[in-house]
Amino acid sequence: EKGGWSSFMAKEISEEPEAVAKTILGRVHDGLVDLPEVTALGAEVLRGIDRVLIIACGTAAYAGMVGKYAIEQWARIPVDVELAHEFRYREPVLSPNTLVVSISQSGETMDTLMAVKYARERGARTLSICNTQGATIPRESDAVVYTHAGPEVAVASTKAFVAQIAATYLLGLQLGQVRGTLSDDEARGLVAELQEVPEKLRTALGVGERIKDLAHWMANTRSVLFLGRHVGYPVALEGALKLKELAYIHAEGFAAGELKHGPIALIEPGQVVFVLVPSPRDPRSLHSKVVSNIQEIRARGARVIAIAEQGDAAVLPYADEVIRIPLASPFFEPMLAVVPLHYFGMELAAAKGLDVDQPRNLAKSVTVE
Ligand code: BG6
């Protein structure tokens, strides 16, 4: 069933464009998001939500962290992301106006399931973002928005991750539309950008060979750091998780803005650091802040691999390698920037002769607490 691919993971990365396209398909009408699964909760209920709590494990939690930025921005509701296992052991504050959004590829992860049940029993509304039709978590939830990434076989999640981000964006847009925090014009503009993501993902997949070379010379690397800011931060965490899971090397993701509050002490000559560079077109000047971070670590001998948009020349003097991603506005960068990191985890594992689809000690779906 790998259909000519070297691994399920390779096949599933190649399916990232379709995973996003199919998750959006049929959910846009007249340029606006139309999620009957969500609107069925009732306009009054949706307008009354005063807090969104996203609960998930692993990669799904990082997708949730990306979604947090978008939902807050578009629907103007405070959003927290919590690892599912932390949730029910500390009497979280919940009310009928809390929307608890679980994210799970399998829909069977025990930690997430128990958190959803707990939230529901205590009167919160529960919405499941899930990739598996009829799984337990969606059955235990008040509403479900399915991701349509198709079955994911490799233990390390890839295409489900981008589909989960797309689903949180659809949710954020739907909430923004219902609550009036987005004008129709704003919503239409964002929907159009979301619809362009699959094509941009096809372009982003073109970095595969380049990453393979990079992974080849790095097969003996013992530690890799990832830096990102804003929506790039969860992408950095995801890049690091993939290296731990697949290549069994020590990897950490850091918020770039935290660099001087600790992580910079780790930088010594030769330390490999991937940096997610925000677009220079971003009006908040996050780009120049991250470029300064690159200068700081470069001055201490780091080997910098920058992931930056096409045409961003500011990174060239400071980066050892620049991996290009297609142009997109800030919220739409994570789905593109994660592609080289998914490839990198896979290729580094392959370069080390490891089993890419079945890493040691891990299970695709963890159905015990
Ligand atoms: C882990 C998997 O055990 O479970 C990860 O190895 C995954 O890849 C996590 O992200 C959560 O799984 P699910 O099915 O709830 O998304």
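Parameters at a glance
Residues numbered from 1 in each chain as written. Predicted model: local features only at pLDDT ≥ 70, side-chain atom pairs only at ≥ 80, totals over all residues. Heavy atoms only, no water. Axes fitted to C-alpha atoms, helices over the stretch in contact; angles between N-to-C directions. Helix = DSSP H or I, 4+ residues; strand = E, 2+ residues; numbered from the N terminus. Parallel < 35°, antiparallel > 145°, perpendicular 65-115°, else oblique. Contact = heavy atoms within 4.5 Å. Nonpolar A, V, L, I, M, F, W, Y, C, P; charged D, E, K, R; others polar. Phe/Tyr/Trp six-rings, centres within 6.5 Å; stacked < 30°, edge-to-face > 60°. Buried < 20%, exposed > 50% of the residue type's maximum accessible area, 1.4 Å probe, protein only. Lys NZ or Arg CZ within 6 Å of the ring centre and 35° of its normal. Salt bridge = Lys/Arg side-chain N within 4 Å of Asp/Glu carboxyl O.

(A) Molecular detail of the packing of helix H5 (residues 58–75) against helix H12 (residues 232–247). Running from amino to carboxyl end, H5 crosses H12 at an angle of 170°, the nearest separation of the two axes being 8 Å. Classified by the angle between their axes, H5 and H12 sit roughly antiparallel to one another. Together, Gly58, Thr59, Tyr62, Met65, Val66 and Tyr69 of H5 and Tyr233, Pro234, Leu237, Glu238, Leu241 and Lys242 of H12 make up the contact between the two elements. Tallied by class, residues from the contact of H5 with H12 come to eight nonpolar, two polar and two charged.

(B) Here's a closer look at the packing of aromatic side chains. Within this structure, the stated rule accounts for eight aromatic pairs. Ring geometry for Trp74 and Phe332: centres 6.3 Å apart, planes at 25°, overall stacked. Here the residue Trp74 occupies a position in helix H5, and Phe332 occupies one in the loop between strand E12 (321–325) and helix H14 (334–351), the gap between them amounting to 258 residues. In this structure, Trp74 and Phe332 share a single accessibility class: buried. Three or more aromatic residues joined by ring pairs make a cluster, and in this case those are Trp74, Tyr169, Phe331 and Phe332. Geometry around Tyr248 places Arg360 over its ring, the cationic atom sitting 3.8 Å from the centre.

(C) Fine view of the pattern of salt bridges. What the rule picks out here adds up to 22 salt bridges. With its nearest N and O atoms 3.0 Å apart, the salt bridge here joins Lys11 to Glu15. For Lys11, a relative accessible area of 21% puts it in the partly exposed group. Where Arg90 meets Glu82, a salt bridge forms, and the shortest distance between an N and an O atom there is 2.4 Å. A relative accessible area of 13% places Glu82 in the buried class. Through salt bridges with shared partners, a single network forms among Lys11, Glu15 and Lys159.

Read these as geometric descriptors, not functional statements.
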